[in-house]
Every structure is written in structure tokens, then in C-alpha cells.
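Secondary and tertiary structure notes
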Amino acid sequence: MYFLSYFVWTSSAPFLLIMWLVGQQLGLRMGIQIAESLNCSRWGAPSNRGLFEDGDVIIGGLFSIRYMPPAKDYRFTRQPDNKPCTGLQNLPLQYIYAMVFALEEINHSSTLLPSVKLGYHIHDSCALPDWALQAALTLVGGDTVSCKSNPPYQKETGIGTGDQPVPLIIGGSSSITAQILSRLLGPLSVPLVSYTASSPSLSDRQQYPNFFRTMASDIYQARAIAQLAIKFNWTWVGAVVANNDYGLMAVKVFQEAIQGAGICLSFVETLQRENIVSDARRAALAIQASTVKVILIFTWYTDVMELFLQLEKLNVTDKQFLASEAWSTSSDLRKSTFSQKVASGVLGVAIRSSPLPGFENYIRNLNPLLRPNDQFLKEFWEKEFGCSPGSTTAALASLPRCNGTQNLWTVNNLFTDTSQLRVTYNVYLAVYAAANALHSLLSCPDANISPGHNVTCSFTNQIKPRELMEQLRKVNFTTPQGEGFYFQGADITAKYDLVNWQSNPDGEVELVLIGRVDGFELYLNESAIQWSTGSSQVPVSVCSETCPLGTRMASRKGEPICCFDCIPCADGEISNKTGSTQCDRCPSEFWSNTERSACIPRRLDFLSYNETLGITLTAVAVSGVAVTVAVFAVFVFYRRTPMVRANNSELSFVLLLSLKLCFLCSLVFIGRPSVWSCRFQQAAFGISFVLCVSCLQVKTIVVLAAFRSARPGVEALMKWFGPRQQRGTVCFFTSIQVIICIVWLSLSPPEPKPDFEVAGLQVTLKCAMASLVGFSLVLGYIGLLGCTSLLLAFLARKLPDNFNEAKLITFSMLIFCAVWVAFVPAYVSSPGKYAVAVEIFAILASSYGLLFCIFAPKCFIILLRPEKNTKKHLMAR
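So, how was this worked out
- Residues numbered from 1 in each chain as written.
- Predicted model: local features only at pLDDT ≥ 70, side-chain atom pairs only at ≥ 80, totals over all residues.
- Heavy atoms only, no water.
- Helix = DSSP H or I, 4+ residues; strand = E, 2+ residues; numbered from the N terminus.
- Buried < 20%, exposed > 50% of the residue type's maximum accessible area, 1.4 Å probe, protein only.
- Contact = heavy atoms within 4.5 Å.
- Areas by Shrake-Rupley, 256 points an atom, 1.4 Å probe, with all protein chains shown as cover.
- Expected span 1.5 Å × (residues − 1).
- Patch = residues over 30% accessible without salt bridge, like charges linked within 9 Å, V, L, I, M, F, W, Y side chains within 5 Å.
- Salt bridge = Lys/Arg side-chain N within 4 Å of Asp/Glu carboxyl O.
- Phe/Tyr/Trp six-rings, centres within 6.5 Å; stacked < 30°, edge-to-face > 60°.
- Lys NZ or Arg CZ within 6 Å of the ring centre and 35° of its normal.
- Pairing = 2+ DSSP bridges.

Looking only at helices and strands, the protein chain has 24 helices and 27 strands in total. Every one of the 877 residues in the protein chain was classed for burial, and the buried ones make up 53%. Taking all contacts inside the protein chain whose residues are at least 6 apart in sequence as the whole, residues at least 24 apart take part in 70%. Of the accessible surface of the protein chain, which amounts to about 39,400 Å², a share of 57% is contributed by carbon and sulfur atoms.

Along its 18 residues, helix α3 (residues 90-107) runs 26 Å from first to last C-alpha, staying within 8% of the 26 Å computed at 1.5 Å per residue. Counting buried positions over the 18 residues of α3 gives 14, a clear majority of the element.

A surface patch of nonpolar side chains, about 230 Å² in accessible area, is lined by Leu657, Leu661 and Leu664. Looking at the element boundaries, Leu664 is found in helix α18 (residues 649-668).

This part takes up the packing of aromatic side chains. In total, this model carries 38 aromatic pairs according to the counting rule given. Counting every residue linked through ring pairs, the aromatic cluster contains Phe101, Phe359, Tyr362, Tyr425, Tyr428 and Tyr432. For Arg205, the ring lying beneath its charged end belongs to Phe212, and the centroid distance is 5.0 Å. One residue, Arg679, lies across the ring of Trp676, its end atom 5.5 Å from the ring centre.

With that settled, the discussion passes to the side chain of Thr235. Following the sequence through the fold, Thr235 ends up in the loop between α6 (218-231) and β9 (236-242). Residue classification places Thr235 among the buried positions, given a relative accessible area of 12%. Discounting chain neighbours no more than four positions away, the residues touching Thr235 are Gly262, Ile263, Cys264, Ser541, Val542, Cys543 and Cys562.

If you walk across this open sheet you meet the six strands as β1-β5-β2-β6-β7-β8, and the pairing is mixed. Of all strands in the sheet, those with a lone pairing partner are β1 (50-53) and β8 (211-213), marking the two edges. Strand direction decides the pairing type here: strand β2 (residues 57-63) and strand β5 (residues 118-124), joined by seven bridges, are parallel. Counterpart to Phe63 in the pairing with β5 is Asp124.

Among the structural elements, Val538 can be located in the loop between β18 (521-524) and β19 (551-555). Considered as a pair, Val538 and Gln320 are 218 residues apart in the sequence and their alpha carbons are 9.8 Å apart. Apart from residues no more than four positions distant in its own chain, Val538 is found in contact with Phe232, Trp234 and Trp531.

So, in C-alpha cells, the structure goes:
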């Protein structure tokens, strides 16, 4: 009973007819008995207000031929069709004759329904749902005047006692009209085949089981436009849509299709037909204020016309528009001057077009003199030529008679234009779908009948709408154009044309086919597109430019994901593709290039003899060796003088030799590290310094022992610190370090390894300590001897000699300890090869400190103050 909600009545006539229809569906006689008990007029259009042709089976047709209802609103009167609509439209008129053309083509076919003649009853719905409703009631009820004498249907047989009712209707020019008609005809199981209704809700077989269409669902065109946005990388898009199911559904499907593609909708503006001027103005201002370059428009072409008018007033001419099928092929829009200025290069989805061989000749050969009962053609003729081919209509009674020379070969308008048949072809397909369903129904079910066999098992006057609907669901045939056709529920396979508005040399805007849509597949000739800029360069529509190589996207707080900043990758990280959301860290053996776009192998770096720092340290080390050799030579030459012989000259020579080794061991740290150089440099460093510090410690002990033995009672003390014992002590201290080095280098020696922990393109090749314990023991032992020597020398600093060597040792050990205490933090904080340079500097600094603090005063006396180089002077207090 849901379909009753679409009816408005003020008298018993329409109510009684609806009651009769309900009774027919439920097998009840109550509705019929009520209707037959009264003498009433049926709510329907008079038979002379349509196009009719008798036949064995009648196909119903509903088309919005006129668009202006009567001046007075008759919806609430008893007879809403007393006055016809006005304003004949050329294109819907072509749809009517496409239906007639297809039916005549089938009637002349020897393979499809060869023994059946198809007729038609075509009515004008005036683009109003209630007018379509009354016309549908006329068709399914049988075209009679008295509902008492001629009930529309006889129970269960489908045979009209008067004029024959139709078992199928081709109509529903809009989705709303199709929904109303489908709900009305659903209880009667009368199939409704629409050629333009595209609402996705009509695919619901639970609500609309009797609905079929040769027009694709709007879901597919919304997805096709989303595919275009993805293909051309338009990530920042605006939308202007109708404020109804058509527009709002399109936006919803579009948003679902672009999920995960990085596309954002900057704004969604809605247009209401009743407030089109203000809504269009608001949408135009939003477009002007936005940085969006690509605008999706899903609404009727009259709304688009007002929107373009507002954009022209605002001088907005740099936008690329994506058109839905509702306006992509509108000639009125293309011919308007403001559209040419505002909307050049429109890219749109259009209902697919297909040629109909012979249809153009059929249209142009139409003549009301040959079709005297064709009121539609007669009205068109009067409007086009300004004369009457016969008796004039009441509205045009003053027109003169035509002279018979008028014909349609000289007429060029939407009615005669067959270059791109879109909805016209949908009507043609609907007729063929109905004919093939009838063919299957009228053929023997057990004879495996297919078109081409003259076998008829059922009678045309026994056709039941329910049975025809079942056959329509299973229909599967090939059209005369070689196209396979079948229904998937209510729908067919979606097929669209992709069209482009292009300016020709004459300044006119032409509709150019640049691709097609087949289901979910998109086929596009990009080179054929003329964009809004007038060139073949694809327009760019982004909120933020794609991040280049070497950067990553960082979202802006409170803005869509399409709006972001590009942050350069950190050192050691890269992004090798545009639009990266994150930077990838390079492997440890690689480092990022300057552009942060690729990982390149890290260059090995070490302290070499060829660089300035290496040359400088080498020169300082060699200078230290030279100075040490010079001092050694002076001591050898003056070896018999008191200054040299004082405090065991042999230890002085050993000390000079150890200092020479200290200077030389620093050179081992320079150059490319190898397995043997890593082992040798640490051993040479540790042993050389222990030998040096051991000599100083023994010297200090000798000084202390010498002065202590001068006291009464301790004369025998020096016997235990004679030259032999001094040499033994030095060897003993040194042998301990030798043992530590041998054990360390045997168990876990240092090895040359790149230091990947340090950031940078250059990676230092250094001697990595496999065991910190061994290295710590070496340094710790040197430190222990150094601190002991410092303590002993400090205790002996005030002994009464004129030349007290303990003072020199004290100063030298202070410098030695200060250098190595400062070495530790400097070494740890120095990166790469500079850590090696710090260690070399510590070796050289401590060596020079020992050399100058101990031997410089002695050389000064030997060379410059020889008068002081006497035993008397040295022993004086």
C-alpha cells in the first residue's frame, strides 16, 4: 500500500481505481465490485493526447515531451488532464521516434518476434511525477472511458475487455518519477524500463523488483570522475552539487573512491533549485576564495548556467571543471558566451553515444501529411515552420496552411541531430530488451527457442506482466549494432563517454570525444584533451606542492592531509621519491648525498701523511726526535763532566732513548690503520712511556737514597741502589708493561674498523679496541708509575743540592700528568681521525715536557755555563 502515498484525490474516482488495482494484485474482487457498482470516469488522459499504434502486444511509453504545465494547477481537481501541457521540447521528441523506429525495425525483422506485431501507446508526462502517474494508470488500466463497462483487467488472464492494457512501460524520465511509478506498478508486477533514471537506490531489488534501466547508475560516473582526479594527481578539489540525492550521493561516492589516494575536498557547496541565485552566488564566492583549480559539479545544467553567470561577474576564469552527465553535453551551456569565458576545457562524463543506422533518414523523412494522427509531429511542424500541415491546433488556429514543400532535411536542431545519440540510444535499447523478453515468453520453453525460429506457443492476449518481468530479468542478446546486452539486477554494464569542451577556429565550443568508461575501467586519450588553460599542459590543483626528493611531508595542524609542509631529511636519511611521508635511514656503510635523495658509500677517512694535520704532527714528532738526538749527542760528548755523570748518566742515556722512542711511536698512529700497525702502535706507546717513566722514578729514588745515606746511620742505603739495581728496577717496571701488552694483544688485539657511529659522509678507519680492559691496564700502569714518580719527586724537591734534579723531575711529571689527565675528555669528545690526532698530541706534548723540563737546564749549563759544570758547584748548598 506504500504507493498510495503518492496519490492526492478529492473525489471517489481515483480512489476507486486504486482500490480496483489493489484488488487485482491480491486476487480480491472487492475493488472491482466497488468500481463496477458505480458509473465513474477513470483518472487518465484522453486517448487523443498521445501517439498510438495498435498491435498484437502494446508497449507503453512515457516521455517528458512538454515542460510547461497548464496555467492553472489542476493537481487537486477531479480531472488533472483536462488541459494539456505546452512547450514542446525537441530532444525528448526524438526519444519518442527512437522508440517508434525500434518497434518498426522489430516488426520488419524476420528473426525477432516474426509473427507478432508490436504496437505502442505513448503519453506525455509533462516532466511532472503526478502527470506520469496518471498516464501510467491509463496504460495499465486499458484506454477506456467508463470504468463500469470496461474494467482494466480480467482477473488472472491479463486480457482487457476493452482496449488492451500494456504489459510493460518504457518510461520514468527522472529518478523520482521512476521511484513513484515503480512502487505503483510493483504490486501489479508490471515491468518499468527507464532510459534516464540513474539513482543508485533504484538498484535495490527489495524495494523496486519490477524496475529495469538502460541508463547506468550514478555510482559509476562518480567513480569515473574520481579516477580522473587520481590519474591527473589532483589532490585539492572543490565540489558544487545539487542539494538532493543526485548531488549528495555523488559526493559520498567520490569521497569513498578517493580514500587512500591523498585527495581532499576543499569545500562542498550545495545548490537548491528554489534559491538558485543566492546559492550560486555563494558557491561562486567559495570558488573564488579557494586555491582549488579543479571543481567537480554534479547538478542540472540550468543550475550550472546560473553558477557560470555568477563566476563571470567575479571574473573567475582559471578553473578546470569536471562535469557530470547532467550538463556535460548541454548545447545551451556550450553556446552561452559566459560559459566560453568561464568554462573552457570542461572535462566531463557523458551518457555513451552510439550510431543508429537509418535513424537519421527516418527522422528527416517524417512528415505529418504521412502521419495525420501524429499530434506530436503536427505540433512540432507548426512550431518549426509556422504553418499548419492540416487542421491547426486550438493554440495555433491563426497559422496558414503549409504548401507541402516543407521537410526536415533543411532543419538543424536537437530533434534532427543524430550525430551523438545518447538517451536516444538508451530508449532504443529498452525497446529491444522488451522485445527479446517477449520473444522468450512467446516461444516454447521446451524447444530451446532463440530469435530466428518461428515457433510460438503462447498467445499474445495471454501475456501476464509477471511472466514478462521474469523473462526480462534473464534477457541476454546482441543488439543490431553488435553489442551484448543483459541486466544485472536492475542495471546494465556502465558505459560512458569522456568528453571535452574544445574551441574551434570559428570560436565555437565543440564536444570532443576523448575517452570512454567501461564498468570500472577508464580509457583516455590524454593527448586529445584541451585544458582550461588552452594548452595540452595538465592543470595543477594541489593544496601544497608535492615534496621534492630529499624531503618529507609534515601535516599542518588543523588542516586536511593534502595541506602539508616539506621538511628536509636529516643527515644520513633520504627520500628517493617525491611526496614521501617519511625519510629512510641509510645503512651504516652508506650516507646521504647532499640532496638527501640517495645513499652513497661512505668514504674511508684516516689521519694520513698527505694532509696538513698529519704533516704538522709528523714534523713535530721528527723535530722531537732530532732534539732528542742532539741532546743525546751533547751528553755523549760531555759524558765525563759532573753534570752528565751526576745521578747515574746511564739512566740519562736510557731516558733519552725512551724519549726518542716516544716521539717515534707517534708516527705509527699516522697513516692507514692495518692489523699490524694497530697492534704495534699501542705496544710501542705503552712500553716506551713505561720505560721513560721508570727511568724518572728510579732517578728520583736514587736522589732520595743519596741524600738519606748522607745521614748518620744510613750509609749502607746506597748499596741497595747501585747502578745494577737501578738497571734492574727499570727492567722490572718495563717488563710488567711488556707482559700486559703481550697478554692483551694475544687475547683481543685492536683491529682496524670503520667508525660508523660517527655521523657524516666520511667514516674514520681507526683501530677499534676489542678489549677496553687491556687498553685500560696499559694506560693505568703508566698513570700509576707517573703518579708515584711525581710523589717521590715532590718529596725530594727541597733537598739542599745546588742542582737538585728532583725539582726538574717534579716539573716534568706535573706536565706529564696534566697532559694525560686532559687527554681523556679530549679523546672521548673528538670525532673520527681527530681522536687519533689528540692521542698523538698527548704523546708529543708529554714527551716534549719531559725532554725540556729535565734536559734543557742541564744543556744550558753544559753549553752556556761551563763554569758551573763542576762537582763543587753542583754539591754546594
